[in-house]
Amino acid sequence: MFDLQNPTFWVGVAFVVFFALVIWKGGFGALGKSLDARAEKIRLEIETAQKLRQDAEAALTAYQKKQRDAMKEADAIIAAAREEADRIRQHAEADLEATLKRREAQALEKIAQAEAAALQQVRSLAVDVALAATESLLAQTIDQSRSDAMVASAIEELPGKLH
């Protein structure tokens with residue numbers, strides 16, 4: 001059953017003896033301490049990992065908040081730009097309307113001036129035609145003696161009309 005000549009048998013016996021000595025001499029306590037130290041190290045790593053995870057979650061939350069704030073600010077900027085564009089458009093429309101009214105008034109004034117000038121020309125022409133007709137009529141109906149009498153009468157009345 002046990003082959004005392006087999007080296008594997010002696011290695012197994014040596015292992016059992018070594019293990020018994022370690023347990024008997026307190027090596028098992030050292031092994032326990034080593035396992036406890038390893039467990040403590042793992043616990044610390046887990047705590048560090050949890051803290052890092054919490055920090056990462058806090059950073060993610062802060063980033064998401066900043067992103068939401070930036071989106072709100074961008075929306076506010078867009079709304080302000082739209083309001084400004086609308087205000088500028090309304091101002092431009094009012095300016096255009098005022099310019100058109102001013103030009104219309106200027107055109108109406110030029111038309112009125114042209115009408116007045118035309119009316120003055122017509123009156124002047126009518127006076128010229130009337131004077132020419134009167135002169136022609138007078139030249140045909142008045143003889144030289146009567147003409148001299150009228151001129152003399154007009155010269156005598158002239159000082160009274162001038163003062």
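Not measured: the values here are computed from a predicted model.

A count of helical and extended segments in the protein gives 3 helices and 0 strands. The order of α-helices and β-strands along the protein, N terminus first, is α-α-α. Its C-alpha atoms give the protein a radius of gyration of 63 Å, clearly above 15 Å, the size a compact globule of 163 residues would have. The buried share of the protein, reckoned over its 163 residues, is 0%. Surface accessibility of the protein: about 14,800 Å² in total, with carbon and sulfur atoms responsible for 64%. The average position of the 21 basic charges and that of the 25 acidic charges among the side chains of the protein differ by 17 Å.

Next up on the list: the UniProt feature "coiled-coil region" (unreviewed entry) in the protein. In the numbering adopted here, UniProt assigns the feature "coiled-coil region" (unreviewed entry) to residues 39–117. Helix makes up 100% of residues 39–117 and strand makes up 0%, while its end C-alpha atoms are separated by 114 Å.

Residue position: Glu45 is located in helix 2 (residues 27–141). C-alpha separation for the pair Glu45 and Ala133, spaced 88 residues apart in sequence, amounts to 128 Å.

Turning our eyes to something else, we now look at a nonpolar patch on the surface. A contiguous nonpolar patch, built from Phe15, Val16, Phe19 and Ile23 and spanning about 410 Å² of accessible area, is present on the exposed surface. Tracing the chain through its elements places Ile23 in helix 1 (residues 7–24).

The subject of this paragraph is the pattern of salt bridges. Applying the stated criterion across every chain yields a total of 9 salt bridges. Salt-bridge contacts for Lys65 lead to Asp69; the nearest nitrogen and oxygen are separated by 3.2 Å. Within this pair, Lys65 and its partner Asp69 are both found in helix 2, separated by 4 residues, close to a single helical turn. Given a relative accessible area of 34%, Asp69 falls into the partly exposed group. Where Glu84 meets Arg87, a salt bridge forms, and the shortest distance between an N and an O atom there is 2.4 Å. On the criterion of helical spacing, the pair formed by Glu84 and Arg87 is a turn pair, its members being 3 residues apart in helix 2. Residue classification places Glu84 among the partly exposed residues on the basis of a relative accessible area of 36%.

Moving on, we come to the packing of aromatic side chains. Using the criterion set out here, one finds 1 aromatic pair in the structure. Consider the rings of Phe9 and Trp10, whose centres lie 5.3 Å apart with planes at 75°: the pair is edge-to-face.

The rules behind each value
Numbers given for residues are sequential positions, taken from 1 along each chain in its written order. Predicted model: local features are reported for residues with pLDDT of at least 70 only, side-chain atom pairs are reported and counted for 80 or more only, and whole-chain, interface and lining totals are derived from all residues. The side-chain values count all of the structure's non-hydrogen atoms but skip hydrogen atoms and water molecules. A run of DSSP states H or I qualifies as a helix once it reaches four residues; a run of E qualifies as a strand once it reaches two. Both are numbered from the N-terminal end. What the globule rule says is 2.2 Å times the number of residues to the power 0.38, and the radius of gyration is computed from C-alpha atoms. The rule is simple: take the accessible area with a 1.4 Å probe, protein chains only, and divide by the maximum for that residue type; under 20% is buried, over 50% is exposed, in between is partly exposed. In short, Shrake-Rupley with a 1.4 Å probe defines the accessible areas, and a residue's cover is counted only from the protein chains shown. In this tally, Lys and Arg are treated as positive and Asp and Glu as negative; His is ignored, and so are the chain termini. Lysine's charge is taken at NZ, arginine's at CZ, aspartate's at CG and glutamate's at CD. UniProt positions are given in the numbering used here, feature names are shortened, and annotations may be inferred rather than shown by experiment. Exposure above 30% relative accessible area and the lack of any salt bridge qualify a residue for a patch; like charges then connect within 9 Å, and the nonpolar side chains Val, Leu, Ile, Met, Phe, Trp and Tyr within 5 Å. The salt bridge criterion pairs a side-chain nitrogen of Lys or Arg with a carboxyl oxygen of Asp or Glu, the two atoms within 4 Å. What counts as a ring pair is set by centres within 6.5 Å for rings of Phe, Tyr and Trp (its six-membered ring), and what kind of pair is set by the plane angle: stacked under 30 degrees, edge-to-face over 60, tilted for all other angles.

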